[in-house]
Amino acid sequence: MSLWRQLSRGVRALINRPAADRDIADEIDQYLDDAAAAFEASGLSPEDARRAARQQLGSVTATREQVRAYGWENVVETTIADIRHAVRRVRRYPSQAVVAAFTLALGIGASTAIFSAVNPVLFQPLPYPDSGRLMLVWDAQGGARLDVTFGTYRELLARSHSFESMSVMRPVQPTLTRVAEPERLDGQYVSADFFRVLGVRPALGRDFEAADDQRFQPNGPFVAIISDTLWRRRFNADPELLGRQISLNDVPVTVIGIMPAGFEHVLSPTAEIWSPLMYDTALPLNGREWGHHLRLVGRVRPDIDPESARQELDAIARTTLAEYPRPQWAALQDGFIANSLQSELTRSVKPALLAVAGAVILLLTIACVNVTNLLLAQGAARRSELLVRTALGASRSRITRQLLAETLLLASLGGILGIVLAHTTMDALLALTPPELPRASVITIDNSVLAFAAGLSLLIGLLVGLLPARHGFNAGVPGGAPQHSMRIASGHQFTRRSLVVAQVALALVLLVAAGLMLRSVQRLFAMPPGFNPNELLTLQVQTAGQRFRDAGTTHRFFAQALEAVRQVPGVTAVAFTSQLPLTGDADQWGVHFESVPRPAADEACDCYRYAVSPGYFEAMGVPLRAGRALDAHDVDGAPLAAVINESMAKRRLPGVDPVGQRLHIGPNSGPWFTVVGVVGDVTQTSLAVNRSDAVYITAEQWRFADNARWLVVRAHRDAAALTPAIRRALASVDKDQPVIRVATMDERVKISAADRRFALLLFEAFGITALILAAIGTYSLLSGSVTERTREMGVRAALGASRFDILTLVLRQGMTLTGIGIAIGIVGAGLASRALVTLLFGITPLDAITYFSVALLLTVVSIVACAMPAWRASRVRPSVALRFE
Amino acid sequence: MDTPNTDVIQGTLDMLILKTLSLEPMHGFGITRRVEQVSRGVFKVNPGSLLTALNRLERAGWLDAEWRQTANSRRAKYYSLTRAGKKQLEEETSNWSRRASAVARILKTEG
């Protein structure tokens, strides 16, 4: 009840202050009347009684103020008064307010945009229950992350006790057939426990069971679980679909479950359909069961910490048991790499994201420093206003509050503009993000982002207001101000100069980072990829369906496809390969040379295998170094021929002519291939890595027919324009084999450096903004200082100083600050750039050229910023100066 | 010559108001006079403090306020004790007696 009264009375007073005041005034009047009547009754004359009553009460106004000062509504009222005052001020000096709000908007907007990208990716837990217990496990061959084999998975499943459940998966792209519009789907083969590991259940139907994941039989039965999006897109969200059969690659598959709408598969965001792996638990040595192609995810038991799980995995790797024999290429001699799913997912993008987050904090700091400086400059001009206020009885806290209300208003305006800015740049930012960025789909401006922006604005409003408020109060000390104005002015100047120095230093740090990134990307793109990426169109064709179970059919299809594309006008060369550089493909095999005694320490399964058509090297522009290229004679039944790359030949066969050497690719039980030629190195994973081992064989001489192959099409000019014609040519061979992943090689080269380009572009944008802000800061300081010193300049001129003297005087003042800022900034950049090491390429974080160029750039910009005020100072006429003030 | 201190003991004004109003509803000046009379002039209530206190107690829900006609047909703001006010008065009274007797005990033992 009392709370209600507090509220209602307060609100009533707020809504109708005059009525509330009248109530108080009436009560006081009545009190006076009563007191006067009492005095009169005790024998005083009416006038004396009245006087006595007033005397007893004291000042009516004071009493009224005393009574009305009680209640929370007064706090609201002063706050409103503060805000109204702030608004009035902003409206009186709109240009200053606009500059301040826009500067803050730049900082807040950039921070908000980056936060919206970094927060869900790096910091928010993955969308699974207890997601911290999910771990990704890799075979650590030679310290690199290698997909595990099914055999390793089976052994871990049997021997490890740290995991509640484990599952393996691999991608598959089945075609939805026997429908009006066949569609290539993204999907995965998973072991039965997959969804239980993630902790997500199908919304409709049932989960996979062990019985679903039996050894593959040609006639099935086959089952699948589909995503909510696929269910809605292709099946009109028909609940009757459950238990019915759909056709995948012409094979009937029963749909047993539908995942919930919000289900997000972070490991394969585009996957829409899942089927059991159906591998052979007898683990035949020559089967895919021992291929390194499975992603292993496990859920650690709640009572086990990740470190113990890791130790147990390594202990298992070290001890081989007779009942779990391991082939030599999956011997686990280097143990495992096991980390939380989240850290593994973000591993490749984390350095770039953190660097960008660091950069945006620098930018925000610069913006704050700039606005603080601006407010300090105003503060000098407001001294008299504050003096009057203090004289009229405003307390220190009242003035501080009022000044803070102003900066908070500016920060709020900046915050709103910033959110608008973040919102409008969001799409551009997302377009820039590297493709390996996980969970890009959840990056939006949501409530947490808005809360972040609001909190940030509040914090900045307070931070930015603190210094000016303190200075403002000191300036407003009554009586003290006139005598102390010189001292205050100089203290004031010192603060402002320090802020300009800080701004220059921070801008230098940002620009050095941007410069280092720029030079890294330049160096990276200057790296020879080992092939000619110009006017080279690449696209993948995957065969699917019952009839392609026959290797001969597959080979025939690709031969026909090649021939059809060759006929397209404008095509100068065409070839296919089982994997293509810079696509993320990683088909790696162990290679053993007959003449090299085993075990060789570096005999890891890290040799890329390319099953190609004759003419691949010519089409790609990979140079032949020795021997011959693969040709039309290397067919099934002919002697097995292989071409290896230069680096592998040098490293594995030092001092030996590689041509004529024999090697095993994969299991030692396999046939011997003979090296017929050596080609140049190519960059398979990224431009930064170009010495990976490679072995090329013809598709027909390989032990199975790769059913996904890349076509590489070279054209005289504008290869991309050939796409429709090539599609038509392929459709004329077989209209049911979809063409996917079409891109020119130039585009692939660019995308391969996307993380660095992402960081570079943002660093450049932030760096340029910082440069402009620093220039504005320097300019406004000098400009203000020249105005304050007009008289001094006039006196100097009167005493015979030439214009040049005065010009250099002002310039020197500005350049001294810049110099100090640059010196501090270089030290700061030297420390900060260490954080960039993983993003740099071909240069050190202390690259002298970058530091020198950036320092030069800042110096030049500073000179320009100083020139205007200096020129103005040099034009001051002595007569004007003497009349000044 | 010193005038005797007639200030109400700090922190007891609320209690005095509540006690006075527990007898009958009263307006501001009535309370002042009653406190002075009953305390035989020892306490004089400051009007500003009294009106502020009345405002506060009313907001706290211990008093109800109402504009009413007085005997001489003028409007006056009358205050009356609410149920919550009664409880508060009991609480403050017992609290006060406990402390006052403690103070008295200390003063006695000193001699």
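Residues numbered from 1 in each chain as written. Chains lettered and ligands numbered in written order. Predicted model: local features only at pLDDT ≥ 70, side-chain atom pairs only at ≥ 80, totals over all residues.

Examining the overall build of chain B
Stage number 1. Assigned secondary structure in chain B consists of four helices and three strands.
Stage number 2. On the principal axes, the C-alpha backbone points of chain B span a range of 55 × 40 × 20 Å.
Stage number 3. Expressed as a percentage of contacts within chain B between residues at least 6 apart in sequence, the contacts between residues at least 24 apart total 52%. (Helix = DSSP H or I, 4+ residues; strand = E, 2+ residues; numbered from the N terminus. Contact = placed C-beta atoms within 7 Å.)

Observations concerning the overall build of chain A
Stage number 1. Within chain A one finds 26 helices and 25 strands.
Stage number 2. The principal-axis extents of the C-alpha atoms in chain A amount to approximately 135 × 80 × 55 Å.
Stage number 3. Scored against the burial criterion, the 885 residues of chain A give a buried share of 41%.
Stage number 4. Long-range contacts, defined here as pairs at least 24 residues apart, represent 83% of the contacts in chain A between residues at least 6 apart. (Buried ≥ 20, exposed ≤ 12 C-beta atoms within 10 Å, placed from the backbone.)

Concerning the interface of chain B and chain A
Stage number 1. Facing 15 residues of chain B, the contacting portion of chain A comprises 21 residues.
Stage number 2. Contributions of two or more residues to the side of chain B that touches chain A are made by α2 (28-38), α3 (47-59) and β3 (75-81) of chain B.
Stage number 3. Top contributing element to the side of chain B that touches chain A by residue count: α3(B), with seven residues.
Stage number 4. Looking at the side of chain B that touches chain A residue by residue, the class counts come to five nonpolar, six polar and four charged. (Nonpolar A, V, L, I, M, F, W, Y, C, P; charged D, E, K, R; others polar.)

Let's talk about the domain arrangement of chain A
Stage number 1. Taken domain by domain, chain A holds domain 1 (2-71), domain 2 (144-333), domain 3 (350-526 + 754-883) and domain 4 (545-735).
Stage number 2. For domain 1 of chain A and domain 3 of chain A, the distance between their C-alpha centres works out to 55 Å. (Domains from an automatic or database assignment.)

Comments concerning the packing of helix α22 (residues 754-788) of chain A against helix α25 (residues 848-874) of chain A
Residue and element names in this part refer to chain A.
Stage number 1. The geometry of α22 relative to α25 is characterised by a closest axis approach of 9 Å and an angle of 20 degrees between their N-to-C directions. The angle between α22 and α25 places the two elements in the roughly parallel class. For the element pair α22 and α25, the recorded crossing hand is right-handed. Between α22 and α25, the contacting residues are Leu771, Ala775, Thr778, Tyr779, Leu782, Ser783 and Val786 on the first element and Val861, Ser862, Ala865, Cys866, Met868, Pro869, Arg872 and Ala873 on the second.
Stage number 2. Taken together, the residues that form the contact of α22 with α25 break down as eleven nonpolar, three polar and one charged. (Axes fitted to C-alpha atoms, helices over the stretch in contact; angles between N-to-C directions. Parallel < 35°, antiparallel > 145°, perpendicular 65-115°, else oblique. Left-handed = near helix turned anticlockwise from the far one by under 90°.)

Concerning the sheet that holds strand β1 (residues 26-27) of chain B
Residue and element names in this part refer to chain B.
Stage number 1. As summarised here, the arrangement of the three strands in space is β1-β3-β2, forming an open sheet in which the pairing is antiparallel. Taken across any chain shown, the strands that pair with only one partner, and hence form the sheet edges, are β1 and β2 (63-69).
Stage number 2. The pairing of β2 with β3 spans seven bridges and is classified as antiparallel. Along β3, the bridge assignment pairs Arg68 with Ala76. (Pairing = 2+ DSSP bridges.)

Here we look at the environment of Leu106(A)
Residues and elements named next belong to chain A.
Stage number 1. Take Leu106: it is sitting in helix α6 (residues 94-123).
Stage number 2. C-alpha separation for the pair Leu106 and Ala422, spaced 316 residues apart in sequence, amounts to 9.1 Å.
Stage number 3. Contact partners of Leu106, with chain neighbours within four places excluded, come to Ala367 and Thr769.

Topic: the nonpolar core
All names here are of chain A.
Stage number 1. In this structure, Leu508 and Leu510 are the most contacted members of the largest nonpolar core, which totals 170 residues.
Stage number 2. Each of domain 3 (350-526 + 754-883) and domain 4 (545-735) gives at least three residues to this core.
Stage number 3. With residues up to four places along the chain from it excluded, the contact list for Leu508 reads Gly821, Ile822, Gly825, Ile826, Ala829, Val854, Ala855 and Leu858.
Stage number 4. Within the second largest apolar cluster, 52 residues are counted, among which are Met169, Leu277, Ala309 and Ala330. (Core = buried A, V, L, I, M, F, W, Y, C linked by C-beta atoms within 7 Å.)

Section: α3(B)
Since the α-helix packs 3.6 residues into each turn, any two residues three or four apart lie on the same face.
Residue and element names in this part refer to chain B.
Stage number 1. Over its 13 residues, α3 extends 18 Å from the first C-alpha to the last, a length consistent with the 18 Å expected when each residue adds 1.5 Å.
Stage number 2. Within α3 the residues assigned to the buried category are Pro47, Leu50, Leu51, Ala53, Leu54, Asn55, Leu57 and Arg59.
Stage number 3. After α3 finishes, the residue Gly61 shows a positive phi value of roughly 90 degrees. (Expected span 1.5 Å × (residues − 1).)

Looking at the confidence of the model for chain A
Stage number 1. Per-residue confidence for chain A averages 87 on the pLDDT scale, and 95% of its residues sit at or above 70.
Stage number 2. Here residues 478-487 of chain A is modelled with pLDDT under 50, and outside its nearest four sequence neighbours on either side it reaches six contacts, counting other chains as well. (pLDDT = per-residue confidence, 0-100.)

Re helix α7 (residues 150-159) of chain A
Stage number 1. Regarding α7(A), the residues found buried are Phe150(A), Gly151(A), Thr152(A), Tyr153(A), Glu155(A) and Leu156(A).
Stage number 2. Where α7(A) is buried, its residues contact β1 (134-141), β3 (163-172), β12 (295-300) and α10 (306-318) of chain A.

A word on the packing of helix α4 (residues 60-68) of chain A against α3(B)
Stage number 1. The geometry of α4(A) relative to α3(B) is characterised by a closest axis approach of 8 Å and an angle of 25 degrees between their N-to-C directions. The pairing of α4(A) with α3(B) is recorded here as roughly parallel in orientation. Of the two possible hands of crossing, α4(A) and α3(B) adopt the one that is right-handed. Taken together, the residues of α3(B) that come into contact with α4(A) (itself represented by Ala62(A), Thr63(A), Gln66(A) and Val67(A)) are Pro47(B), Gly48(B), Leu51(B), Thr52(B) and Asn55(B).

Points about unusual backbone geometry
All names here are of chain A.
Stage number 1. The backbone of Asn236 sits at a positive phi, close to 50 degrees, despite the residue not being glycine.
Stage number 2. By secondary structure assignment, the location of Asn236 is in the loop between α9 (228-235) and β9 (245-248).
Stage number 3. Overall, Asn236 belongs to the exposed group, with 8 C-beta atoms counted inside 10 Å.
Stage number 4. With phi around 50 degrees, Glu535 is a residue other than glycine that occupies positive phi space.
Stage number 5. Along the chain, Glu535 turns up in the loop between α16 (480-526) and β14 (536-542).

Here we look at the pairing of strand β18 (residues 607-612) of chain A
Residues and elements named next belong to chain A.
Stage number 1. Burial of β18 is extensive: six of the six residues sit out of reach of the surface.
Stage number 2. Where burial is concerned, the two faces of β18 agree: the one with Cys607, Arg609 and Ala611 and the one with Tyr608, Tyr610 and Val612 are both buried.
Stage number 3. Two elements, strand β16 (residues 588-589) and β18, share two bridges in a ladder whose sense is antiparallel. Bridge assignment links Trp589 to a residue of β18, and that residue is Cys607.
Stage number 4. Here β18 runs beside strand β23 (residues 693-698); their pairing, made up of six bridges, is parallel. Bridge assignment links Ala611 to a residue of β23, and that residue is Ile697.

A short note on the environment of Arg196(A)
Residues and elements named next belong to chain A.
Stage number 1. Tracing the backbone through its elements, the reader meets Arg196 in helix α8 (residues 194-198).
Stage number 2. Since 16 C-beta atoms lie within 10 Å of it, Arg196 is described here as partly exposed.
Stage number 3. For Arg196 and Pro302, which are 106 residues apart along the polypeptide, the C-alpha to C-alpha distance reads 15 Å.
Stage number 4. The contact partners of Arg196, leaving out residues within four places of it in the chain, are Ser165 and Asp207.

Describing the confidence of the model for chain B
Stage number 1. In this model, chain B carries an average pLDDT of 84, and 94% of its residues clear a pLDDT of 70 or more.
Stage number 2. As scored by the predictor, the complex reaches a pTM of 0.77 and an ipTM of 0.85.

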